[in-house]
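# Residue-level structure breakdown
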Amino acid sequence: MRREPHMKLIDVLDELGMSRAAFYRMRARGKAPKCLKLPNGQLRFRRADFDVWLQNCEENNA
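Residues numbered from 1 in each chain as written. Predicted model: local features only at pLDDT ≥ 70, side-chain atom pairs only at ≥ 80, totals over all residues. Heavy atoms only, no water.

### Focus on the side chain of Arg47
Turning to its location among the elements, Arg47 is positioned in helix 3 (residues 47-56). Within the local environment of Arg47, its side chain forms a polar contact with the side chain of Glu15, the two groups lying 2.5 Å apart. (Helix = DSSP H or I, 4+ residues; strand = E, 2+ residues; numbered from the N terminus. Polar contact = N/O pair within 3.5 Å; in protein donor to acceptor, adjacent residues only side chain to side chain.)

### So, the packing of aromatic side chains
Taken as a whole and judged by the stated rule, the model has three aromatic pairs. On the basis of an interplanar angle of 85° and a centroid distance of 5.8 Å, the ring pair of Phe23 and Phe45 is categorised as edge-to-face. With Phe23 in helix 2 (residues 20-28) and Phe45 in strand 3 (residues 43-46), this pair connects stretches of sequence that are 22 residues apart. Here Phe23 matches Phe45 in class, with each residue buried. Site record: aromatic cluster; members linked through ring pairs are Phe23, Tyr24 and Phe45. (Phe/Tyr/Trp six-rings, centres within 6.5 Å; stacked < 30°, edge-to-face > 60°. Buried < 20%, exposed > 50% of the residue type's maximum accessible area, 1.4 Å probe, protein only.)

### Some details on helix 1 (residues 9-16)
Given 3.6 residues per helical turn, the α-helix brings residues three or four places apart onto the same face. Looking at helix 1, one finds that the buried residues are Leu9, Val12 and Leu13. Along the long axis of helix 1, the arc covered by the buried residues comes to 100°, so they all point the same way. Opposite the packed face of helix 1, turned more than 90 degrees from it, sit the exposed residues Ile10 and Asp14. Where the residues of helix 1 are buried, they touch strand 1 (6-8), helix 2, strand 3 and helix 3. Count one or two residues on from helix 1 and you reach Gly17, which has phi positive near 65°. (Arc of directions from axis to C-beta. Contact = heavy atoms within 4.5 Å.)

Function cannot be read off these values alone, since they describe shape.
Okay, structure coming up:
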């Protein structure tokens, strides 16, 4: 499976199993992954940035 270098918001929401409203609340708190805002207002997420962000979300159970 080829992974695209940029993800759409719907792709991020699908991977996280999260609603759009919950994502925007998380984003307002500064807890969401880094994103690019296109001139038309749409958001794009670099796959590499998203993967790093997701790894950093893991709880340290040690």
